[in-house]
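# Architecture and fold: a report
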Amino acid sequence: MYRFLLIFSMLLSAVGAMAQGVVRGRVLDKQTDEALQFVNVKVTAAGGKVAGGGMTDANGHFSVGGLKDGQYTLTISFVGYKTVTRAFQLTPQKRSQHYGAIYLAEDTHTLKEVQVTGQRSQMKLEVDRKTFTVDEVLAAAGGSVTDLLENIPSVEVTTDGEISLRGNSSVEVWINGKQSGLTSDNRAEILQQIPAESIERIEVIDNPSAKYSPEGTAGIINIVLKRDRRAGYYGSVQAGANQQGGWNVGSNINYSSKWVDAYANLGLRRRKGKGGSLSEQRYPLQDSFLNSEGDNSNRGRGIFGRAGLTFHLTGADDLSLSGMTMQGKPSHDNVTTYDYGTLSTGQVEKHMVRTATSEDGKHEMYNAELAYTHKFNDKGTHKLDASLSFNKWMMNSSNIYQNDTTYFDGTPATWSRQNRPMNVNNRSWEAKVDYENQLTETFKLEAGYNGRFSHENTPQESQMWNQQTNQYEDEAYFYNRFVYDIDVHALYATGNMKLGRMGVMAGLRGEYWRVDTKSTDYYQHVEPFKHDYFQLFPSLFLNYELTKTSQLQLNYTRRLRRPWGGQLNSFKNTRDASMIEFGNPELTPEYTNSFSLNYLKTWPAHTLSIGTYYRPTTDVMQHIRYQGEYEGQPTMFMTNLNVAKSQSAGAELILKDKLFRILDLTTTLNAYYYKLDGFQTIVEGQRVSGESDENFAWDARVLASVILPYSISIQATGNYRSRSVITQGHRKANGSLDLGLRKTFLNKKFALAVNWRDVFNTRHWENYTEGPTFWRHQKNWRDPRINVQLTWNFGNMKQKRRPGPEEMQGGMDDEQNNMNYEF
């Protein structure tokens, strides 16, 4: 009897569970068509009693179950957006209600009976990334992608274009989810030329899963270019200038219909900027010193263009063709003075003035991509993406160095002139295939292949001026050709599972790559260096929903940092009279195990994100410096070595506050600990060593956006970075302030933006390094800049974005859960 009652009660429970209904859907931003995460979802019964609720996930999906038959009201609410309600009914014949797409529109507020224009949130916090909507970054109006990155929390850009994330320069920069030909050699020039107005958003992924390339121990910065799908045609025209003599003009146009989407973007830019440098070097063993001061004037003009077409062949098949190009002509005039003297007396023995000019530089970048997408179902949860892209980068320059030297011991003054042409020719292919399938309501499978094939050919030479014939010598003073090939093949698979409040995503990526380098010159032939590698890169993400408004995540990934071409070329570069640089062809990758623990909490007007990480790294690649001799003078040399192990740990706090309806405040605080083991080695007969060092450093960034009446918005960004350890030394603390203002006219048809970069001229990079035989102080800076930009928007700017096939299914019944649980 007992068994019968038990079985009967279990059957009743099962029938009751089967009778329970569910409502599902997806929430999107009406203006941008982007998924909205952490949106509040509430279901109320006919009498007003709350029957269930929750929040949207990383893809904007929600699911509320356990509903009995009856009439309900679905309420969707999110800070900064208008609340949306939907009425629905569940019956024995229809126990599932599915909304393919629910759009939320921005809310506007009235302050003292004066219209205040709403502004989209600049930063969206997600579990696996931070997304920055950059059209609200007023400090970058009229600037380039480089200017945008300088305003992204946790990202830093130096005067020479080196990018770092959370204090780590081992970071990948992508365009539209791919490398797009960007390397450490060329990305500074390319990003300086891409207009900020062509960027839709910037994604910072600090610990990517196995689906993504493991390159970059600090993570990935993904730059997403604008590509709208609003019905009809629309676009904008921009023009701007700055007080240093630079200017920019640009335009973009978009068209979207049922069968085809098209876009085009063209920008012309004239860059002018000034800066300076200072260096002090001491050589106690030789009782000598070398001091230098420099004034830099950089100019450049260029054109950036991109265009694309997407053909909607069927409701399930899209074929896309896109291209991007950049043509630039950079030039510069740098004058640097060098004083050589005796350290013990402080007396200067000779004074040299080096003038470096470049007038014939030329940069060319080409990118073409063919992509195909097939959706196996209407909801897009089962699909295949394939793409093939070609990238080419060429940089030709001719740098003329003239040295005028005065001696203070009676020796006659001398001068010399040197012409150094350099040609960089890189090309690469990239092939990608990505498969995604939501196999069940709670499990999703992803797998794919990624192949990258790169070739670099970099010849350079130097010609000396003959003072007797007043022309350059026929035979080059030196010549070098560097050839660098790297092929990478990768396979990956990830499984994404939802277990109640727990989300689990596990993945494995295998990569095989081959490196082949060769460096030749007049005086020596370096044996080609070839090496094959194979490594596995696992990843594991655990996400737990503590409450409906808070989440906790623990994840692990294995990552690497490969040396780039310039780090492998053994040729000695003498462009800087105070420092000779050369690469190391035997440099190997460094490997990092990355652990992170993150917490995310939301309130109606506030969001808090706390992230912690720990990253032990082996075979650390570092710049090392040592004293040598060049043409009879004590000289600093710098190269790259795998010197030691390191450990880094840190915490990142991000707090977003919406105050008084008109103030958006985003505060970012990074604190990190770094320890580098000591090392000792021999380089070209010289003993090179570095003491074990550890340091605690921190940086802070506050971005305040104020929305005022009459369509005026003001923005201020303050940055501070504390003292931090570098190899053989430290970097001095620094801070800066940027200001921006924007006013829109005629129902947002026109917008005027003004910004002031580095208001107090404090954005300086200052390092101190030392070893057993030297001490060095180096300082670099750029002058402040004020930009003014006017934008005209035209076309169907108020049209809704054209929904995709899966969105057109909204309101239809669907018995399958549409939730994709991603991190």
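Residues numbered from 1 in each chain as written. Predicted model: local features only at pLDDT ≥ 70, side-chain atom pairs only at ≥ 80, totals over all residues. Heavy atoms only, no water.

## Description of the overall build of the chain
Scanning the chain from N- to C-terminus turns up 4 helices and 48 strands. Counting over 823 residues, the chain shows a buried share of 51%. Considering only residue pairs separated by 6 or more positions, the chain has 67% of its internal contacts joining residues 24 or more positions apart. Carbon and sulfur atoms form 56% of the exposed surface of the chain, whose accessible area is close to 36,400 Å². (Helix = DSSP H or I, 4+ residues; strand = E, 2+ residues; numbered from the N terminus. Buried < 20%, exposed > 50% of the residue type's maximum accessible area, 1.4 Å probe, protein only. Contact = heavy atoms within 4.5 Å. Areas by Shrake-Rupley, 256 points an atom, 1.4 Å probe, with all protein chains shown as cover.)

## Topic: a nonpolar patch on the surface
The grouping of Ile-714, Leu-739, Leu-741, Phe-745, Leu-746, Leu-752, Val-754, Trp-756, Ile-786, Val-788 and Leu-790 at the surface amounts to a nonpolar patch, some 850 Å² of accessible area in total. Secondary-structure elements contributing two or more residues to the nonpolar patch are strand 44 (734-745), strand 45 (750-757) and strand 48 (785-795). Mapped onto the elements of the fold, Leu-790 is located in strand 48. Accessibility expressed as a relative area gives 41% for Leu-790, which makes it partly exposed. (Patch = residues over 30% accessible without salt bridge, like charges linked within 9 Å, V, L, I, M, F, W, Y side chains within 5 Å. Salt bridge = Lys/Arg side-chain N within 4 Å of Asp/Glu carboxyl O.)

## Let's talk about the pattern of salt bridges
Note on pairing: side chains with opposite charge can pair once their charged atoms come close. Under the definition given, this model contains 18 salt bridges. Put simply, Asp-532 and Arg-514 hold a salt bridge, and the shortest N to O gap is 2.8 Å. Residue Asp-532 is located in strand 30 (residues 529-547), and its partner Arg-514 is located in strand 29 (residues 502-521); the two are separated by 18 residues in the primary sequence. Linking Lys-732 and Glu-766 is a salt bridge whose minimum nitrogen-to-oxygen distance equals 3.9 Å. Note that Lys-732 is positioned in the loop between strand 43 (729-731) and strand 44 and Glu-766 in strand 46 (residues 764-771), a separation of 34 residues in sequence. With a relative accessible area of 40%, Lys-732 lands in the partly exposed category. Residue class for Glu-766 comes out buried when judged on its relative accessible area of 11%.

## Examining the sheet that holds strand 5 (residues 70-77)
Two modes of strand pairing occur in sheets, parallel and antiparallel, and in both the strands are linked by backbone hydrogen bonds. The 4 strands lie next to each other as 3-2-5-6, forming an open sheet whose pairing is antiparallel. This sheet does not close on itself; its edge strands, each paired only once, are strand 3 (50-55) and strand 6 (84-90). Pairwise comparison of adjacent strand axes, ignoring direction, gives a mean angle of 20 degrees for this sheet. As defined by bridge partners, strand 2 (residues 40-45) adjoins strand 5 across 6 bridges and the pair is classed as antiparallel. Bridging across to strand 5, Lys-42 finds its partner in Thr-75. (Pairing = 2+ DSSP bridges. Axes fitted to C-alpha atoms, helices over the stretch in contact; angles between N-to-C directions.)

## Remarks on the packing of aromatic side chains
The full count for this structure, using the stated rule, is 10 aromatic pairs. Judged by centre distance (6.3 Å) and plane angle (15 degrees), the rings of Phe-482 and Tyr-484 are stacked. For the pair shown, Phe-482 and Tyr-484 are each scored as buried. Taking the centre distance of 6.4 Å and the plane angle of 25 degrees together, the rings of Phe-595 and Tyr-614 count as stacked. With Phe-595 in strand 34 (residues 590-602) and Tyr-614 in strand 35 (residues 606-630), the pair connects residues that are 19 residues apart, well separated along the chain. Each residue in the set Tyr-556, Phe-595 and Tyr-614 is aromatic and connected to the rest through ring pairs, giving one cluster. In this arrangement the basic side chain of Lys-350 is found over the ring face of Tyr-340, its NZ or CZ atom lying 4.5 Å from the centre. (Phe/Tyr/Trp six-rings, centres within 6.5 Å; stacked < 30°, edge-to-face > 60°. Lys NZ or Arg CZ within 6 Å of the ring centre and 35° of its normal.)

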